[in-house]
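What follows is each chain in one-letter form.
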Amino acid sequence: MKKVMYLEFERCIGCRSCQAACRECGGHDAKERNYVEYIDFFESRQTYPMMCMQCKDPACAKVCPANAIQITEEGVVLSAMEEKCIGCRNCTFGCPFGIPKFDFEENKMYKCDMCYDRTKYDISPMCASVCPSDAIRFIDHDEMMELRRRRTQMNLIEGKKPSQNDKWQYVPEFFGVYSD
Amino acid sequence: MTEFVTKPGVKNLQHPGEKLITTHCCYCGMQCGMHIRLNEKTGKVVGVEPRYDWPVTLGKMCPKGVTAYQTIDHPERITKPLIKKNGEFVESTWDEALDLIEKNFKSLQGKHGKDAVSVFGGVSMTNEKCYLVGKYARVALGTRFVDYNGRFCMSSAAGGFMKTLGIDRGSTLPWPELEHTDCFFMAGTNTAECHPTTIQWLWKARDKGAKMIVADPRETPTARIADVHLDLKAGTDSALANGMMHLIIKEGYVDEEYVNERCNNYEELKASVEKFTPEYTSEITGVSIEKLVKAAHIYGKSPRSVMMFARGVEQQAKGVDNVTLYTSMALLRGQIGKFASGVATFTGQGNGQGGREHGQKADALPGYRKIDNPEHVKYVSSVWGIDPSEMPKAGVSAYEMFDEIQAGNIRAMHVICSNPAVSAPNNNYIWDSFNKLDFMVVSDFFLSETAEFADVVLPASSWAEDEGTTTNLEGRVIRIRKVKDPIGESKTDWEILKLIAERMGKGSFFNYNNPRDIFEEFRVASKGGKADYSGITYERIEKEDGIFWPCPSEDHPGTPTMFQESFGTPDGKANLAAVEWQEPDENPSNEFPHILTTGRVVFHYLSGSQTRRTDFLMEQCPEPYAEMHPHLASKYALQDGDNVYLETKRGSMTVKVKLTKAIREDHVFIPYHWGKELSVNKLTNPALDPTSRMPEFKVCAVKLKKV
Ligand code: SF4
Ligand code: SF4
Ligand code: SF4
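Counting restarts for each chain, with residues numbered from 1 along the sequence as it is written. Going through the entries in the order they are written, you letter the chains from A and number the ligands from 1. Selection of residues for local features in this predicted model requires a pLDDT of at least 70, selection of side-chain atom pairs for listing and counting requires 80 or more, and totals for whole chains, interfaces and linings are taken over all residues. Excluding hydrogens and water, the side-chain values take into account all heavy atoms of the structure.

1. Digging into the overall build of chain A
The line we're drawing: Helical segments are the DSSP runs of H or I of at least four residues, strand segments are the runs of E of at least two, and each set is numbered from the N terminus. Whether a residue is buried, partly exposed or exposed follows from its accessible area with a 1.4 Å probe, protein chains only, as a fraction of its type maximum: under 20%, in between, or over 50%, in that order. Only heavy atoms matter for contacts: two residues are in contact if any of them lie within 4.5 Å across the pair. Using a 1.4 Å probe, the Shrake-Rupley method yields the accessible areas, and only the shown protein chains count as cover for residues.
Regarding its fold elements, chain A presents 6 helices and 8 strands. Along chain A, from the amino end to the carboxyl end, the secondary structure elements read β-α-β-β-α-β-β-α-β-β-α-α-β-α. Going through the 180 residues of chain A one by one, you find that 55% of them count as buried. Considering only contacts within chain A whose residues lie at least 6 apart along the sequence, 60% involve residues at least 24 apart. Roughly 8600 Å² of accessible area belongs to chain A as shown, and the carbon and sulfur atoms make up 50% of that amount.

Now the structure itself:
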């Protein structure tokens with residue numbers, strides 16, 4: 001899998017199609033694993049999607065005492081293995097982004113697995129497939145880098161100013177897709 | 001015909017034991033492409049797979065589209081005819097139900113004349129069915145009273161386009177060209193929530209530097225991403241458009257050559273916008289002068305622009321005027337009939353475009369023909385095999401049908417694919433009218449609020465249980481494929497119409513065995529009309545990714561871009577609009593001090609009959625709410641989540657308050673997808689546009705009280 005997930009938060013229109021689609025993925029038991037949040041509905045309708053960062057050295061897996069969180073050869077961090085997960089919820093606290101969800105009825109963790117049953121065939125995950133605003137994309141690494149440079153380029157051409165009513169500034173910058 | 005249509009090199013996930021069937025979403029006019037997953041063993045629909053290679057939507061879907069399949073095998077589907085006995089619905093056989101319909105239709109028509117029975121249609125169904133509804137009313141029932149829910153949706157756009165351009169095709173350009181547009185002027189359209197899959201095209205253009213101007217009283221998710229948000233007062237569109245044209249003329253942005261060659265009325269327009277200085281426009285619309293000037297410069301300077309609008313400007317008592325004025329803005333800039341530029345309305349219903357062209361409208365016949373034109377009547381009569389003298393005269397518009405019920409002229413109604421008990425304005429009047437009917441039949445696949453009033457409910461098929469064509473918001477005719485057989489004893493709408501026609505002794509005119517038979521007849525019926533489908537075949541649609549009408553012959557490529565050479569008016573020239581600004585029918589007063597406006601949310605579709613039965617969508621948005629600015633709320637000591645009582649001259653309701661600064665301080669917004677006590681249409685104003693007979697859903701005066 002040479003492709004990456006590319007998020008452009010300010011494009012999010014809050015439709016939650018990504019969440020509806022997440023439920024549609026084969027192994028997802030009709031439960032969504034991604035999040036869409038308002039930044040501050042009092043101020044603006046700006047929303048942003050959040051999903052697993054598929055960390056290189058995932059805290060969730062590291063803090064799991066039962067070794068239930070497997071990492072595929074492509075680097076996808078999977079949901080806890082049913083037979084191993086002891087329901088301690090360490091992963092939900094360990095993850096710096098608050099991603100893993102906990103199923104209290106089944107007493108086990110579940111999380112975004114980048115639609116592994118699709119992406120292992122290089123087919124786009126459900127959320128990125130349907131996102132009507134291209135806020136979530138599943139693209140080549142090179143294309144992602146080009147898009148990042150494009151941003152700066154457009155800002156230079158236009159004389160960098162956020163357009164009216166934009167609340168881009170609210171978006172936490174440590175997600176790293178911003179050149180400004 | 002192939003069930004699964006895909007282009008070489010496109011990968012889809014094929015689950016073992018399942019097959020994929022290619023079709024389009026059942027909801028809005030985007031008609032997003034999708035594949036439905038069918039379990040081959042159980043025959044049940046199990047999910048959806050993106051159709052990455054559908055050129056209009058590229059696999060994208062909104063949450064309604066993703067979950068659309070869940071309504072097909074839904075546990076609440078009506079699977080048998082229902083007859084109301086002692087106020088309760090009882091399951092019955094088709095024969096019993098048809099007997100009852102035959103008996104009542106015949107006796108009421110015998111006593112009160114043919115027009116005593118009426119038909120209320122809808123456009124969330126295929127062209128084949130929409131075409132048949134018109135024929136069913138005129139030939140099988142012989143009534144002049146037929147109209148459809150497009151009067152609550154598209155009719156002002158249609159009326160406005162007819163006036164200015166001579167042909168009503170929702171978009172003058174194909175959607176994929178939007179990528180190359182330099183400026184989008186979007187009025188009264190919350191595209192991000194109502195036609196979300198368009199947004200990808202806007203971003204593609206904006207990545208290249210395109211600008212976006214949005215006129216809306218709310219800072220919707222669409223307005224939020226605009227370069228200029230013209231936060232106008234609801235109902236002041238004609239002033240805004242006149243003000244923009246004033247500036248376009250003053251600043252020398254008019255394409256004089258285009259206007260001289262291709263348009264009438266330029267001098268009149270100039271005179272009528274003369275007084276709309278930014279100061280005057282700002283005073284009426286409430287938009288700051290600075291924003292008006294900025295928008296005019298951006299729009300005026302853009303080499304390629306598209307003027308886009310939707311229900312916000314159309315659902316007004318001056319809806320047609322608004323459409324003609326905004327269209328004139330595009331004409332002044334010489335934009336219509338060219339690459340990546342033009343004018344477009346966002347068709348609300350799945351087949352809002354196709355459904356309004358083929359004779360479901362009180363005054364229309366197939367192919368956009370007119371019932372008051374003897375030549376048109378003669379032609380359509382010849383296709384139908386009736387004598388022109390048998391063709392009923394024009395009826396009245398959807399809302400006016402309820403006046404006819406109240407007056408005792410309409411005694412029975414057959415409602416097909418529509419839910420006016422929720423979607424019509426002034427609900428209390430509508431409900432009272434239904435109760436006054438002697439006999440009411442509803443064809444639907446869920447027991448809608450309207451169906452609850454019926455004497456007989458006929459179980460219709462869902463969109464995935466029949467095949468046919470629809471026409472999307474671009475004017476592209478596309479294929480809906482059959483995924484599975486109708487559930488239980490339900491039947492397709494065309495079979496139902498055929499069965500009733502047989503009972504009325506008109507079976508020989510409805511001799512169809514499948515939708516294709518109807519399509520073939522309707523190709524002939526539309527031939528030579530403005531919306532000419534005669535060159536379109538199911539095979540061509542599949543091969544050519546849909547075909548744009550007009551398409552007058554099988555070797556004609558179809559018409560993606562309209563009006564390249566001339567317009568559809570008798571002299572081939574567009575008619576610029578010289579229209580005065582007029583205030584809305586109802587304005588804030590001491591008693592009703594605020595403006596109420598209504599609209600959609602992304603999670604629901606129209607009257608909500610389907611989306612309110614879909615778990616994911618209901619989890620996101622279970623009930624209506626009154627959205628208002630904290631400044632307005634604080635005048636009534638209302639806090640987020642408090643209950644507020646709202647009242648207009650026509651009705652009242654209580655809902656929760658949702659506070660946001662992303663709305664004008666003087667407006668309250670309530671979404672309209674709920675019925676009964678949760679229906680905001682109890683409050684809305686039925687003042688009709690004089691041409692399109694479109695009610696003024698978008699503006700009325702309201703008072704608030706904390707409860
Ligand atoms: S689908 Fe895209 S636009 Fe919609 S909520 Fe998810 S990220 Fe946002
Ligand atoms: S769940 Fe959290 S810690 Fe684990 S891989 Fe995802 S983002 Fe990283
Ligand atoms: S409702 Fe409209 S935008 Fe949403 S998936 Fe269906 S056709 Fe597409």
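2. Concerning the site of ligand 2
Rules: We define proximity as follows: a residue is near a molecule or strand when any one of its heavy atoms falls within 4 Å of that partner. Three classes are used, and their members are as follows: Ala, Val, Leu, Ile, Met, Phe, Trp, Tyr, Cys and Pro are nonpolar, Asp, Glu, Lys and Arg are charged, and the others, Gly among them, are polar.
Lining the immediate environment of ligand 2, one finds 13 residues, of which Cys 52, Cys 55, Cys 60, Cys 95 and Lys 111 of chain A sit closest. Looking at the shell around ligand 2 residue by residue, the classes come out as 12 nonpolar, no polar and 1 charged.

3. Some remarks on the nonpolar core
Residues and elements named next belong to chain B. Selection rule: Residues belong to one nonpolar core when they are buried, are Ala, Val, Leu, Ile, Met, Phe, Trp, Tyr or Cys, and are joined through side-chain atoms within 4.5 Å. What fixes the domain bounds is an automatic or database domain assignment.
Phe 105, Tyr 136, Leu 230, Met 307, Tyr 326 and Met 329 are the most contacted members of the largest nonpolar core, which has 109 residues in total. Of the residues forming this core, the biggest block, 9 residues, is contributed by helix 3 (residues 127-141). Two domains share this core, each providing at least three of its residues, namely domain 1 (1-152 + 351-471 + 475-510) and domain 2 (172-345). Ignoring sequence-local partners within four residues, the contact set of Phe 105 consists of Val 117, Tyr 136, Leu 141, Ala 412, His 414, Phe 439, Val 441, Ile 500 and Met 504. In terms of nonpolar packing, the next biggest core, distinct from the first, is built from 87 residues, Val 56, Ala 210, Ala 223 and Ala 464 among them.

4. Notes on the packing of aromatic side chains
Residues and elements named next belong to chain B. This is how the line gets drawn: Geometry of aromatic contacts follows a simple scheme: Phe, Tyr and Trp rings, the Trp one being its six-membered ring, pair when their centres are within 6.5 Å, and the pair is stacked under 30 degrees between planes, edge-to-face over 60, tilted otherwise.
Summed over all chains, the structure comprises 25 aromatic pairs over all chains. Relative to Tyr 538, the ring of Phe 519 lies with its centre 4.9 Å away and its plane at 45°, an arrangement referred to as tilted. Taken as a pair, Phe 519 in helix 21 (residues 515-526) and Tyr 538 in helix 22 (residues 538-543) lie far apart in primary sequence, 19 residues in all. Neither Phe 519 nor Tyr 538 differs from the other in exposure class; each is buried. Counting every residue linked through ring pairs, the aromatic cluster contains Phe 120, Phe 152, Phe 402, Phe 434, Phe 453 and Phe 697.

5. Topic: the site of ligand 1
In the vicinity of ligand 1 lie 14 residues, with Cys 12, Cys 15, Arg 16, Cys 18 and Cys 131 of chain A positioned nearest. When grouped by side-chain class, the residues that make up the shell around ligand 1 number 10 nonpolar, 3 polar and 1 charged.

6. What to know about the side chain of Ser 155 of chain B
Position of Ser 155 of chain B relative to the elements: it lies in helix 4 (residues 155-165). Residues in contact with Ser 155 of chain B, not counting those within four places in the same chain, are Gly 150, Ser 692 and Met 694 of chain B.

7. Regarding the environment of Val 293 of chain B
Residue and element names in this part refer to chain B. Tracing the chain through its elements places Val 293 in helix 12 (residues 289-301). Linking Val 293 and Leu 247, residues 46 residues apart in sequence, is a C-alpha distance of 7.4 Å. When near neighbours in sequence (up to four residues on either side) are disregarded, Val 293 contacts Leu 247 and Pro 278.

8. Points about the environment of Phe 161 of chain B
Residues and elements named next belong to chain B. For Phe 161, the location among the structural elements is in helix 4. C-alpha of Phe 161 to C-alpha of Pro 459: the two residues are 298 residues apart in sequence and 36 Å apart in space. The contacts of Phe 161, once residues within four sequence positions are left out, are Gly 166, Ile 167, Asp 168, Arg 169, Gly 170, Phe 309, Val 323, Thr 327, Val 343 and Thr 345.

9. Observations regarding the domain arrangement of chain B
Residues and elements named next belong to chain B. Short version of the rule: For any pair of parts, buried area is found by adding up, for both, the accessible area (1.4 Å probe) each one loses once the two are put together.
Entries for chain B in the domain assignment read domain 1 (1-152 + 351-471 + 475-510), domain 2 (172-345) and domain 3 (594-706). Counting from both sides, the interface comprises 14 residues of domain 1 and, opposite them, 12 residues of domain 2. Summed over both partners, the interface of domain 1 with domain 2 buries about 910 Å², with 61% contributed by carbon and sulfur atoms. Among the residues of domain 1 in contact with domain 2, Met 30, Val 56 and Leu 58 are the three that bury the most area, contributing 40% of the side total. For the side of domain 1 that touches domain 2, the per-class residue count stands at 9 nonpolar, 2 polar and 3 charged.

10. Focus: the pattern of salt bridges
Quick reminder of the rule: By definition here, a salt bridge exists when the distance from a side-chain nitrogen of Lys or Arg to a carboxyl oxygen of Asp or Glu is within 4 Å.
Taken as a whole and assessed by the stated rule, the structure comprises 59 salt bridges over all chains. Its salt-bridge partner being Asp 207 of chain B, residue Arg 11 of chain A comes within 2.5 Å of it at the nearest N-O pair. Of this pair, Arg 11 of chain A sits in the loop between strand 1 (3-7) and helix 1 (17-24) while Asp 207 of chain B sits in helix 6 (residues 199-207), which puts the two residues in different chains. Asp 207 of chain B gets classed as partly exposed once you look at its relative accessible area, which sits at 23%. We note a salt bridge from Lys 661 of chain B to Glu 43 of chain A, for which the minimum N-O separation is 2.6 Å. Of this pair, Lys 661 of chain B sits in the loop between strand 26 (652-659) and strand 27 (667-671) while Glu 43 of chain A sits in the loop between strand 2 (35-38) and strand 3 (47-50), which puts the two residues in different chains. Owing to a relative accessible area of 40%, Lys 661 of chain B belongs among the partly exposed residues under this scheme.

11. Observations concerning the side chain of Arg 33 of chain A
Residue and element names in this part refer to chain A. The condition that has to hold: The charge count includes Lys and Arg as positive and Asp and Glu as negative, but it does not include His or the ends of the chains. Under this definition, polar contacts are N or O atom pairs within 3.5 Å; protein pairs additionally need one hydrogen-donor-capable and one acceptor-capable atom, and for neighbouring residues in sequence, both atoms have to be side-chain atoms.
Assignment of secondary structure puts Arg 33 in the loop between helix 1 and strand 2. Among buried Asp, Glu, Lys and Arg side chains, Arg 33 stands out as unpaired, with Asp 29 the closest opposite charge at 4.9 Å. Within the structure, Arg 33 has its side chain in polar contact with the backbone oxygen of Lys 31 (distance 3.0 Å). Those residues in contact with Arg 33, other than ones at most four positions away along the chain, are Cys 22, Gly 27, His 28, Ser 79, Lys 101, Tyr 110, Lys 111 and Cys 112.

12. Considerations on the sheet that holds strand 18 (residues 456-459) of chain B
All names here are of chain B. Which entries qualify depends on this criterion: The pairing criterion for strands is at least two bridges between them, as found by DSSP. An axis is simply a line fitted to the C-alpha atoms; with a helix, the fit covers only the stretch in contact. Between two such axes, the angle follows the N-to-C directions and lies from 0 to 180 degrees.
Pairing is mixed in the open sheet, where 7 strands are placed in the order 5-4-18-17-16-6-7. If you trace the sheet from one side to the other, it starts and ends with strand 5 (88-91) and strand 7 (146-148), each paired once. The average undirected angle you get between the axes of adjacent strands in this sheet is 20°. Looking at chain direction, strand 16 (residues 412-416) and strand 17 (residues 439-444) are connected through 5 bridges and run parallel. Residue pairing for strand 17: His 414 is matched across the bridge by Val 441.

13. What to know about the interface of chain B and chain A
At the interface, 57 residues of chain B touch 43 residues of chain A. For the pair chain B and chain A, the summed buried area comes to about 3900 Å², and 49% of that belongs to carbon and sulfur atoms. Linking chain B to chain A there are 7 salt bridges. At the boundary of chain B with chain A, the tally comes to 24 residue pairs in polar contact (both at pLDDT 80 or more). Of all the secondary structure elements, the ones that give two or more residues to the side of chain B that touches chain A are strand 3 (45-50), helix 1 (63-67), helix 6, helix 7 (221-224), strand 10 (228-230), helix 12, helix 23 (615-620) and strand 26 of chain B. Grouping the constituent residues of the side of chain B that touches chain A by class yields 24 nonpolar, 13 polar and 20 charged.

14. Looking at the sheet that holds strand 9 (residues 211-215) of chain B
All names here are of chain B. Spatial ordering of the open sheet is given by 10-9-8-12-13, a layout of 5 strands whose pairing is parallel. If you trace the sheet from one side to the other, it starts and ends with strand 10 and strand 13 (342-345), each paired once. Here the strands of the sheet are splayed against their neighbours by 15° on average, with no regard to which way each runs. The sheet contact formed by strand 8 (residues 183-187) and strand 12 (residues 305-309) spans 5 bridges and is parallel. Its bridge partner being in strand 12, Phe 184 is matched across the sheet by Val 306. The strands touched by helix 12 within the sheet are strand 8, strand 9, strand 10 and strand 12, with strand 10 carrying the most contacts at an inclination of about 125°.

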